[in-house]
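# A structural walkthrough
Chain residues, written in single-letter form:
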Amino acid sequence: MTKVTSIVVGAGLAGLSAAYSLARDSIDVLVVERGDYPGAKNITGGRMYFLPIRSLFPELWDEAPWERHIVREVLTGVSKCSSLSIEFSNQKYNNKPYHSFTILGSRFNKWFAQKVAEKGARVINKYKVDDLILDNGKVKGIVVGGAQIEADVVIAADGTMSQIAEKAGLRGKREPQDFALGVKEVIALSPQTIEGRFRLKADEGIAQLFVGSLTKGMLGAGFLYTNRDCISLGLVLGIKDLTDCHLNVMPYELLEEFKLRPEIVPLINGGESVEYSAHVLSESGIKGMPKLFGDGILVAGDAAGMAMNMGLTVRGMEFAIASGALAAEAVRMAKKQNDFSAGALSKYQDLLKESFVWKDLNTFRHAPDVLANPRLFGEYPQLACTMMEKLMTVGEEPKKKLSTTISKELRSRLALSLLRDSFRFWRM
Amino acid sequence: MVEVNIKDKLALDTFKPAKESHLKLNQELCRGCKVRCCLFVCPARVYTMDEQSEIHIEFEACLECGTCLIACPHNAIQWNYPQGGFGVQFRYG
């Protein structure tokens, strides 16, 4: 039987980050990826916040296949026939080191895996890890393609639907309220067209979030990210609402309706749809995390539930990269003592707790409850749009004072909820 | 509501279907199910119902997202990833 020091399951951001760190420390590592190539099974929204992970692999980032650095953030509330946007531009976002980048998972991970291989790790594609070798609950290796490969430690980096963490007994059943479905279309446009339509210079990009009638009252949002030569346009829908509301509408029909909105049509006009994808996302933050370590096993990235909607920022990719690197660090320490027991590997959790990953997830631990509020996706965007319409429109009738219009709208039943919800959002 | 042919959307992607389905149903549980949310939560319309109210799986179109497994209230879906080197292969991601 073959034996290696460490096996990483999944060549996504977390797995590749772990493998890169291990290989850099000359620790024997085998990466097993089930897709035809690294990235073949990855889907991103996607934007990566760069500053938290910048210092991890400084030698890599200059040549990474970033799509565009984000210089403008747009939040848009939509009602059936109107929308209200808040646009935030920041010249500082144009200074290096850039604050955040859009990436495309398949392109990025293909490149990242090359770097990992150059460091001396072995990456094998087209193999799914079918099982773990377990001995009294201790993980001793993997079963892949009918063969057994022994390892001192296995790092489960096999994504949100991680089967490895389940097989190791580290995570239980997934509940609908803790997850959302993301559906996305990639629409190809020339870089010049993108820059013209979005008022961007070369390499600059925007990120836009949409809330309101586009999800028909279901918990969720729309997103638009500009990549180098294409746009990522999609919807995120809470699985509980998707199941319970039973609106007799398929997720891809909602996406199509989104694409047909007057805010979107001129942006994608003439573009060619080149990919349609979907994946579930963890929405529960720290509460939904599985156990992160066991005898001979660690869990990193999405497999460990390290993704979260924090209201105005959607996080995940930087958590994946950082947790992969910290898992590798724990393995390095375990190897020094030649002790890969759960006790030794628990160092991983200690390292996480000192890092931004745990701190951010912990700070925003109440966010899922605050954001699971139907008013945020229905009444409030509607209220904002109605109020703007009344303030902006000059009709046949004499116009009322601004204060009369605003107080009339706010005196509705909604005012108290708005006050209460604003307070909860404030404290989130 | 706009009419969308899901086949047109899926035609944008590269699929390498395996011989055997990676998704299996416990039809007995499905027969007793009143919700049948698999029919409307799946973004690839993998699940359809015939005239005898039996649920069918078109596993070749699966985007491997995981929604059906999480949504199914009866744990009637035996969910797995396709065997290595098969299933959908994203070029952009």
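Going by the structure above, here's the rest.
Residues numbered from 1 in each chain as written. Chains lettered and ligands numbered in written order. Predicted model: local features only at pLDDT ≥ 70, side-chain atom pairs only at ≥ 80, totals over all residues. Heavy atoms only, no water.

### Details of the overall build of chain A
- Of regular secondary structure, chain A possesses 17 helices and 19 strands.
- Computed over C-alpha atoms, the radius of gyration of chain A comes to 23 Å, within 12% of the 22 Å expected from 2.2 N^0.38 for 428 residues, which places it in the range of a compact globule.
- Counting only C-alpha atoms, chain A reaches 85 × 45 × 40 Å along its principal axes.
- Within chain A, buried positions represent 57% of all 428 residues.
- A sequence separation of at least 24 residues applies to 72% of the contacts in chain A between residues at least 6 apart.
- Accessible area of chain A: about 18,200 Å², with a carbon and sulfur share of 52%. (Helix = DSSP H or I, 4+ residues; strand = E, 2+ residues; numbered from the N terminus. Rg over C-alpha atoms; globule rule 2.2 N^0.38 Å. Buried < 20%, exposed > 50% of the residue type's maximum accessible area, 1.4 Å probe, protein only. Contact = heavy atoms within 4.5 Å. Areas by Shrake-Rupley, 256 points an atom, 1.4 Å probe, with all protein chains shown as cover.)

### Overview of the overall build of chain B
- Tallying secondary structure elements over chain B gives four helices and six strands in all.
- Start at the N end of chain B and walk to the C end: the helices and strands fall as α-β-β-α-α-β-β-α-β-β.
- A compact globule built from 93 residues should have a C-alpha radius of gyration of about 12 Å, and chain B, at 14 Å, falls within 12% of that.
- With the C-alpha coordinates aligned to their principal axes, the bounding extent of chain B is approximately 40 × 35 × 20 Å.
- In chain B, the proportion of contacts linking residues at least 24 apart, taken out of those at least 6 apart, comes to 64%.
- When the accessible surface of chain B is totalled, it reaches about 4,600 Å², and 49% of it is carbon and sulfur.
- Averaging the coordinates of the 10 positive side-chain charges in chain B and doing the same for the 11 negative ones gives two points 3 Å apart. (Lys, Arg positive; Asp, Glu negative; His and termini not counted. Charge placed at Lys NZ, Arg CZ, Asp CG, Glu CD.)

### Describing the packing of helix α1 (residues 13-24) of chain A against helix α9 (residues 317-337) of chain A
Residue and element names in this part refer to chain A.
- Packing of α1 against α9 brings their axes to within 7 Å, and their N-to-C directions diverge by 35 degrees. Crossing handedness for the pair α1 and α9: right-handed. Seen from α1, the contacting residues are Leu 13, Ala 14, Ser 17, Ala 18, Ser 21 and Leu 22; seen from α9, they are Met 317, Ala 320, Ile 321, Gly 324, Ala 325, Ala 328 and Val 331.
- Here the residues of the contact of α1 with α9 sort into ten nonpolar, three polar and no charged. (Axes fitted to C-alpha atoms, helices over the stretch in contact; angles between N-to-C directions. Left-handed = near helix turned anticlockwise from the far one by under 90°. Nonpolar A, V, L, I, M, F, W, Y, C, P; charged D, E, K, R; others polar.)

### Examining the packing of aromatic side chains
Residue and element names in this part refer to chain A.
- This model, assessed by the stated rule, comprises 19 aromatic pairs over all chains.
- Ring centres of Trp 61 and Trp 66 lie 5.8 Å apart, and the angle between their planes is 40 degrees; on these two criteria the pair is classed as tilted.
- On the basis of relative accessible area, Trp 61 is assigned to the buried category, the value being 4%.
- For the ring pair Trp 66 and Phe 108, a centre distance of 5.3 Å and an interplane angle of 45 degrees mean the geometry is tilted. Within this pair, whereas Trp 66 is found in the loop between α2 (58-61) and β4 (68-78), its partner Phe 108 is found in helix α3 (residues 105-118), the two being separated by 42 residues in sequence. (Phe/Tyr/Trp six-rings, centres within 6.5 Å; stacked < 30°, edge-to-face > 60°.)

### What to know about the interface of chain B and chain A
- Taken together, the 40 residues of chain B in the interface contact 53 residues of chain A.
- Taking both partners together, chain B and chain A bury about 4,100 Å²; carbon and sulfur atoms supply 58% of that area.
- For the salt bridge of Glu64(B) with Lys41(A), the shortest nitrogen-to-oxygen distance reads 3.1 Å.
- For the pair chain B and chain A, the number of links is 29 residue pairs in polar contact (both at pLDDT 80 or more).
- Residue assignment for the side of chain B that touches chain A shows that the elements contributing at least two residues are α1 (6-10), α3 (38-41), α4 (67-71) and β6 (87-89) of chain B. (Buried area = accessible area lost by both parts, 1.4 Å probe. Salt bridge = Lys/Arg side-chain N within 4 Å of Asp/Glu carboxyl O. Polar contact = N/O pair within 3.5 Å; in protein donor to acceptor, adjacent residues only side chain to side chain.)

### Topic: the environment of Glu63(A)
Residue and element names in this part refer to chain A.
- Relative to the assigned elements, Glu 63 resides in the loop between α2 and β4.
- Glu 63 gets classed as partly exposed once you look at its relative accessible area, which sits at 45%.
- Sequence spacing of Glu 63 and Trp 111 is 48 residues, and the spatial spacing of their C-alpha atoms is 9.5 Å.
- Side chain to side chain, Glu 63 and Lys 115 meet in a polar contact 3.0 Å long.

### Here's the deal with the nonpolar core
- By size, the foremost hydrophobic cluster in this structure holds 90 residues, and its most contacted members are Ile7(A), Trp61(A), Phe108(A), Phe112(A), Met306(A) and Tyr348(A).
- Grouped together as the second largest cluster of nonpolar side chains are 67 residues, Val46(B), Ile55(B), Ile70(B) and Cys72(B) included. (Core = buried A, V, L, I, M, F, W, Y, C linked by side-chain atoms within 4.5 Å.)

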